[in-house]
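Tertiary structure, described
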Amino acid sequence: MDKKKMWSGRFSSDTNELAAGFHSSIAFDRRLYRADILGSIAHAKMLGAAGIIGQGDSDLIVSGLNAILGDIENGLVTFSENDEDIHMNIERLLTERIGDTGKMLHTGRSRNDQVALDTRMFLKQSCLDVSAHIKNLIGALITIAEDNLDTVMPAYTHLQKAQPTTLAHYMMAYCEMFFRDCVRFDAAFNAADVMPLGSGALCATTYPLDRQMVADELGFSALTNNSMDAVGDRDCVLDFLYACAVCAMHLSRFCEELILWSTNEFSMVSLSDGYSTGSSIMPQKKNPDMAELIRGKTGRIYGGLMALLTVMKGLPMAYNKDMQEDKEALFDAYDTMSACLPVMTGMIETAAWNKDTMKKSAGAGFTNATDAADYLVGKGMPFRDAHEVVGKLVLYCEQHGKAIDALPLDALQKLSPMFGEDVYDALSLEACVGKRAVYGGPGADSVKKHIDKIKAFLKK
Ligand code: ARG
C-alpha cells in the first residue's frame, strides 16, 4: 500500500512511527464511517449540482462511496493506521477504486468541517437511540404504577420514614426524572442538528458551495452561522454528555434504592434470578450486581463529560487537534447508556414487589404523624400547636412501643381532648394516602392523571 501521506507535499521526511501511532484516531473514529460516507455523498452531489466539479465526476464519486459503504458493512474493508483517521481512510479507498476523480471529493472541504459534520450526524442518531431506550424504561415503570395505585409503602426523607405513599407514586417519580432526560436528549438533538459543512478549515471557502442543499440532503434543520465557531465548537457533544450524565445519575439513584430495598433489612423488592448473581463462597447470597454495575458506570460517564469540558477550556479559536479527544468520551457514553438502560428495564420488569412488607413498613415509624397533626387542625387547633401535641404523642408512643393509632382513645385524649373516635379512620394508611389528592400527590386519581400525561408523551 502507498504509505505517502495526503499532506506529504510540504514535508521532506516521514512522520516518526511513534508519533504516527499516537495521533492516529482510526482505531476509534472508524465508527463514524457511515456518517462520513453519507456526508461525502451529499457534498459530492452538491459539488456536481453547483457545477464545481463535472456531473459525471460527481456521479462516479457517489457510486464509489456507496460501494465502499456496502463493503464496510459486509466486513470487506480493512482500515489502515497509516491513513490516520476515518476521513483519510475513506478518501484513500475511494481514490484506489475510482482513480483520480476520487481526489476531487475534498474540493471546498476540510477535515475540520468534515469531522464536525460526522460528529453531529452520529450525535443526532445517538440522541434518538438513547431516548428510545429511556422510553422503554418509562413504559415499564408505568406498567408497575398502573398495577400498584393502592400499594402503600413508606416514603423517606433523610432515609428516615416520613409519610406513606404508594408504589405507583414512587415509580412515577422516577418516570418524571426519565421524562426530563428525554427532554434533555431532545435538546441535545436540536443542538447537533445544525450543518457545519462549508466552514472549511476555519474561514469557509472560495467555492460557491450550496450549503443549504447539503443540509437538506442530510436532514439538517439549520446551517452554522460562523465558520470559525463551527469547526471550533463541541458544545453539542457536551450537551449529549451532560444529558447522559444526568440520566446516569437518575439510573444510579434508582439502583441505589433497589439495592437497599432488596436487603434483608428492607425486603421490599426481590430482584429476579435473571438479574442477580450468586457468591462463589456464600451459598445463601443473591447479589444485585446489575444494579451495582449500573450505579458504578455513572462514574465513567461523568468522567467523559469532565474530560471534554477540560479539553475545551483552554483552546484558542478554532480547530485544535485536542478536539479529537471528544470521540472516545462520546462513544463510551453512548455505549454505556445503550447497555445500562435495557438492563435497567429488564431488571424492573422482572422484579417482585413485596407488598405486605411495604405495607407493614409504612405502618411503622409514625408515618401518619403529619396526618395526626392535620386531624387536630381539622378540629380547630392551630398547626404549630398540633405539631407540638403530636410530637409529644410520638415520644410517648416510642417509650411504650406503640403506633399512634394503636393507642386507646383515653390515652390520646390525655394529650388532647380534641381526639375523637374518628381519629382511627383518619390515621389509617389508606386514608393518609387517599387524602393526599392534590395533583402531584400519591392519591390514586392524581397519579392516574400523571400516568396519562406521560403516556401521551410516549405516543408522540
Ligand atoms: N481526526 C481528526 C479529529 O477527530 C479530524 C480532523 C483533523 N483535522 C486536522 N486539521 N488535523 O479531530
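Cut-offs used in this document
Residues numbered from 1 in each chain as written. Predicted model: local features only at pLDDT ≥ 70, side-chain atom pairs only at ≥ 80, totals over all residues. Heavy atoms only, no water. Axes fitted to C-alpha atoms, helices over the stretch in contact; angles between N-to-C directions. Helix = DSSP H or I, 4+ residues; strand = E, 2+ residues; numbered from the N terminus. Parallel < 35°, antiparallel > 145°, perpendicular 65-115°, else oblique. Left-handed = near helix turned anticlockwise from the far one by under 90°. Contact = heavy atoms within 4.5 Å. Disulfide = S-S within 2.5 Å. Buried < 20%, exposed > 50% of the residue type's maximum accessible area, 1.4 Å probe, protein only. Pairing = 2+ DSSP bridges. Salt bridge = Lys/Arg side-chain N within 4 Å of Asp/Glu carboxyl O. Near = heavy atom within 4 Å. Polar contact = N/O pair within 3.5 Å; in protein donor to acceptor, adjacent residues only side chain to side chain. Areas by Shrake-Rupley, 256 points an atom, 1.4 Å probe, with all protein chains shown as cover. Nonpolar A, V, L, I, M, F, W, Y, C, P; charged D, E, K, R; others polar. Core = buried A, V, L, I, M, F, W, Y, C linked by side-chain atoms within 4.5 Å. Patch = residues over 30% accessible without salt bridge, like charges linked within 9 Å, V, L, I, M, F, W, Y side chains within 5 Å.

What follows is about the packing of helix α7 (residues 167-192) against helix α19 (residues 444-459). A pair of packed helices can be characterised by two numbers: the angle between their axes and the separation between those axes. Running from amino to carboxyl end, α7 crosses α19 at an angle of 30 degrees, the nearest separation of the two axes being 11 Å. By the angle between their axes, α7 is roughly parallel relative to α19. Both α7 and α19 take part in a crossing whose hand is left-handed. The segment α7 lies against α19, with A168, H169, M172, E176, F179 and C182 engaging V447, H450, I451, I454 and F457.

Here the structure, examined in full by the defined rule, presents zero disulfides. The thiol of C127 is not disulfide-bonded; the next cysteine sulfur, from C244, is found 7.8 Å away. Distance from the sulfur of C397, which forms no disulfide, to the nearest cysteine sulfur (C432) is 14 Å.

Let's shift gears to the pairing of strand β1 (residues 152-157). For a regular strand, the rule is simple: side chains alternate between the two faces of the sheet. Most of β1 is tucked away, with five of its six residues classed as buried. In terms of strand pairing, β1 meets strand β2 (residues 160-166) through six bridges, oriented antiparallel. Bridge pairing in β2 links Y156 to K161. Where β1 hands over to β2, the hairpin turn is made up of two residues, of which H158 adopts a positive phi near 55 degrees.

Moving on: the pattern of salt bridges. Taken as a whole and assessed by the stated rule, the structure comprises 23 salt bridges. Between K327 and D326 there is a salt bridge whose closest N-O contact spans 2.9 Å. There is no split in this pair, since K327 and D326 are both buried. Between E430 and K359 there is a salt bridge, with the nearest N and O atoms lying 2.8 Å from each other. A residue pair is termed long-range when its members are at least 10 positions apart, and E430 in helix α18 (residues 429-434) and K359 in helix α13 (residues 355-363) qualify at 71 residues. Residue E430 is classed as partly exposed on the basis of its relative accessible area, which comes to 42%. For K359, a relative accessible area of 39% translates into the label partly exposed. Through salt bridges that share partners, E84, D85, R111 and K321 make up one connected network.

Taken together, S25, D29, D85, H87, R111, N112, V115, Y319, Q324 and K327 are the residues near the ligand. The separation between a nitrogen atom of the ligand and a polar side-chain atom of S25 is 3.4 Å. Contact between the ligand and K327: an oxygen atom at 2.6 Å from a side-chain N or O atom of the residue. Coverage of the ligand by the protein chains reaches 87% of its 350 Å² of free accessible surface. Sort the elements by how many residues they give to the shell around the ligand and helix α6 (residues 111-147) lands first, with three residues. Tallied by class, residues from the shell around the ligand come to two nonpolar, four polar and four charged.

What follows covers the nonpolar core. M171, F178, F240, M344 and W353 are the most contacted members of the largest nonpolar core, which totals 108 residues. Of the residues forming this core, the biggest block, 16 residues, is contributed by helix α10 (residues 235-261). Discounting residues that sit within four places of it in the chain, M344 has contacts with L137, L251, F254, C255, L258 and I294. Counting residues in hydrophobic clusters, the runner-up holds 22 residues, among them Y375, A411, L412 and L427.

Turning our attention to the packing of helix α3 (residues 33-49) against helix α4 (residues 55-73). Contact geometry of α3 with α4 gives a least axis separation of 8 Å together with a crossing angle of 170 degrees. Comparing the axis directions of α3 and α4 gives the class roughly antiparallel. Facing α3, whose interface residues are Y33, R34, I37, L38, S40, I41, A44, K45, G48 and A49, α4 presents Q55, S58, I61, V62, L65, N66, I68, L69, I72 and E73. Looking at side-chain class alone, the contact of α3 with α4 contains 12 nonpolar, five polar and three charged residues.

With that out of the way, let us pick up a nonpolar patch on the surface. Together, L202, M228 and M317 make up an exposed nonpolar region whose accessible area comes to about 280 Å². Locating L202 in the fold gives a position in the loop between β3 (194-195) and α8 (211-218).

A word on the environment of L415. Inspection of the secondary structure puts L415 in helix α16 (residues 409-415). The partly exposed category is assigned to L415, whose relative accessible area is 28%. Distance in space between the C-alpha atoms of L415 and V390 is 8.3 Å, their sequence separation being 25 residues. Ignoring anything within four residues of it in the chain, the contact list for L415 reads V389, K392 and L393.

Within the secondary structure layout, M418 lies in the loop between α16 and α17 (423-426). On the basis of relative accessibility, which here comes to 32%, the residue M418 falls in the partly exposed class. Through-space distance from the C-alpha of M418 to that of I454 is 43 Å; in sequence the pair is 36 residues apart. The contacts of M418, once residues within four sequence positions are left out, are Y375, L376, K379, G380 and M381.

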